[in-house]
Amino acid sequence: CCDFPTITPNCKGGFCTISPGCFVMGSPKSEPCRLDPYNDHMSNPYTTDWEEQHPVRLTRPFAIGETPVTQGQFQAEMGYNPSRYHSTDPIDFQHFCNTTTGSCSQNPVERLTWHEAAAYCNSLSQKAQLPPCYSCTGSQESTSCQVMPGYERGAIYACPGYRLPTEAEWEYAYRAGTTTTYYNGVNQLAQYCPSGSWDPRITAIRWPDGQPSGPVGTLVPNAWGLHDMAAKLGNWTHHHFAPYPHVPGKPLHDPWPELHFLMKPPFDDLSAARGLRSALRGAVHRTSRSSGVRCVRTLSGTTP
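1. Overview of the overall build of the protein
When its secondary structure is counted, the protein shows four helices and 13 strands. By residue count, 53% of the 304 residues in the protein fall in the buried class. Look at the contacts in the protein between residues 6 or more apart in sequence, and 71% of them connect residues 24 or more apart. Carbon and sulfur atoms make up 52% of the accessible area of the protein, which amounts to about 12700 Å² in all.

Right under this line is the structure:
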């Protein structure tokens, strides 16, 4: 019951259109580097499989950023740049940003709180004259956001404005029809877990050792045309962190768990091999400065 739709890249204006469909979320128990509740200090460690495979059906098409939001885009929209890696020192920007141009503006913005990420998506809604998905107060680093009344829980899929992706949308977009550990069709090799070493077959979808990020759009995209989905950078999602809610044998439609806020994948993951996987999950408090942003928007037969 979970066949992906035909996947054809449809990207313009910095966003790619993703068709609705069904997929199997999570990872098989045999996958090396999968989230291990016995060793990863999660709540209920002996009763919960945090990456339990289960079918999910997304019923609405959506647009998602073709690349992570860059430092330049965030600066232009919000008037500041909280990123750690935006030094003007030539040695720093060549090492951290993989550029000799003297600017990290084309690198992903990072060290955002959940609130700042939500506020950025709200700003895109305002520019496009769309109803906002969040209610925000304050400005810049003091921004505080909540879900707009009427769009709580599963109703967030109905919001016509820009927002953070749900966890299901993120993994569905990342996988792009694949069922493997990584979106380029590669399965993780056990020999690289838990050593932290890189699987040499995934070099095309990650930034080099010692380089936290690089100019967006330079890594091999997935079948949807999305770049940098497996980069070493956290991405805030709309969802809270919780065990996957599902009914055995039945696809879960447009899901929403609710506990702590989630980011995928963590910027400073426990091992290099684990950090780029399709099914990776991680949780931090929404005020933590830890992640980047890639906004989405629910579509109704329209283009981004």
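Structure shown, so let's carry the discussion forward.
2. Comments concerning the sheet that holds strand β1 (residues 11–12)
One open sheet accounts for five strands, arranged β1-β2-β5-β13-β8; its pairing is antiparallel. Each end of this open sheet is capped by a strand with a single partner; those strands are β1 and β8 (162–163). Pairing of strand β5 (residues 62–65) with strand β13 (residues 296–298), which is carried by three bridges, proceeds in the antiparallel orientation. Across the sheet, the residue bridging to Ile 64 is Val 296, located in β13. Lying on the sheet, helix α4 (residues 167–175) is in contact with β2 (15–18), β5, β8 and β13; it crosses β5 at an angle near 75°.

3. Considerations on the pairing of β5
The two faces of β5 match: Phe 62 and Ile 64 on one face and Ala 63 and Gly 65 on the other face are all buried. Two strands pair when backbone bridges link them, and β2 and β5 are joined in this way by four bridges, in the antiparallel orientation. Bridge assignment links Phe 15 to a residue of β5, and that residue is Gly 65.

4. Re the state of the cysteines
In total, this model carries four disulfides according to the counting rule given. Two residues share a disulfide in this structure: Cys 121 and Cys 295, whose sulfurs sit 2.1 Å from each other. An S-S torsion of about -95° defines the bridge between Cys 121 and Cys 295 as left-handed. Placement of the pair is Cys 121 in helix α3 (residues 114–127) and Cys 295 in the loop between β12 (291–292) and β13, with a sequence separation of 174 residues. Here Cys 295 falls in the buried class, since its relative accessible area comes to 2%. At a sulfur-sulfur separation of 2.1 Å, the disulfide partner of Cys 136 is Cys 145. Between Cys 136 and Cys 145 the disulfide shows an S-S torsion of about 110°. By sign, it is right-handed.

5. Some remarks on unusual backbone geometry
Negative phi values dominate among residues other than glycine, just as trans dominates among peptide bonds. Even without glycine at this site, Cys 33 takes up a positive phi of about 75°. Counting through the fold element by element, Cys 33 comes out in the loop between β3 (21–25) and β4 (54–58). A positive phi angle, near 55°, is found at Arg 153, a position not held by glycine. Along the chain, Arg 153 turns up in the loop between β7 (144–147) and β8.

6. Observations concerning the nonpolar core
Counting residues in hydrophobic clusters, the biggest one holds 54 residues, and the most contacted among them are Phe 62, Leu 164, Leu 226 and Val 293. Elements with a minimum of two residues in this core: β2, β3, β4, β5, α3 and α4. Top contributing element to this core by residue count: α3, with seven residues.

7. Remarks on the pattern of salt bridges
Evaluated as defined, the whole model comprises seven salt bridges. Residue Glu 31 pairs with Arg 277 through a salt bridge whose shortest N-O separation is 2.7 Å. With a gap of 246 residues between them, Glu 31 in the loop between β3 and β4 and Arg 277 in the loop between β11 (260–263) and β12 connect regions that are remote in the sequence. Note on accessibility: Glu 31 and Arg 277 belong to one class, buried. Several salt bridges share partner residues, and in doing so they unite Glu 31, Glu 51 and Arg 277 into one network.

8. Considerations on the packing of aromatic side chains
This structure, assessed with the given rule, holds nine aromatic pairs. The rings of Phe 4, Phe 23, Tyr 172 and Trp 224 are connected pair by pair, giving a single aromatic cluster. Above the face of the Tyr 162 ring, Arg 297 is positioned so that its terminal group lies 5.6 Å from the ring centre.

9. So, the pairing of β7
In this structure, strand β6 (residues 134–137) lies alongside β7, joined through four bridges in antiparallel fashion. Paired with Tyr 134 across the strands is Val 147, a residue of β7. Counting the residues that bridge the hairpin from β6 to β7 gives six residues, and of these Gly 138 lies at a positive phi of roughly 80°.

10. Some words on the environment of Gly 72
Following the sequence through the fold, Gly 72 ends up in helix α1 (residues 71–78). Between the C-alpha atom of Gly 72 and that of Ser 103, which follows or precedes it by 31 residues, the distance is 9.3 Å.

Calculation notes
Residues numbered from 1 in each chain as written. Predicted model: local features only at pLDDT ≥ 70, side-chain atom pairs only at ≥ 80, totals over all residues. Heavy atoms only, no water. Helix = DSSP H or I, 4+ residues; strand = E, 2+ residues; numbered from the N terminus. Buried < 20%, exposed > 50% of the residue type's maximum accessible area, 1.4 Å probe, protein only. Contact = heavy atoms within 4.5 Å. Areas by Shrake-Rupley, 256 points an atom, 1.4 Å probe, with all protein chains shown as cover. Pairing = 2+ DSSP bridges. Axes fitted to C-alpha atoms, helices over the stretch in contact; angles between N-to-C directions. Disulfide = S-S within 2.5 Å. Core = buried A, V, L, I, M, F, W, Y, C linked by side-chain atoms within 4.5 Å. Salt bridge = Lys/Arg side-chain N within 4 Å of Asp/Glu carboxyl O. Phe/Tyr/Trp six-rings, centres within 6.5 Å; stacked < 30°, edge-to-face > 60°. Lys NZ or Arg CZ within 6 Å of the ring centre and 35° of its normal.

Without other data, these values stay purely geometric and don't point to any function.
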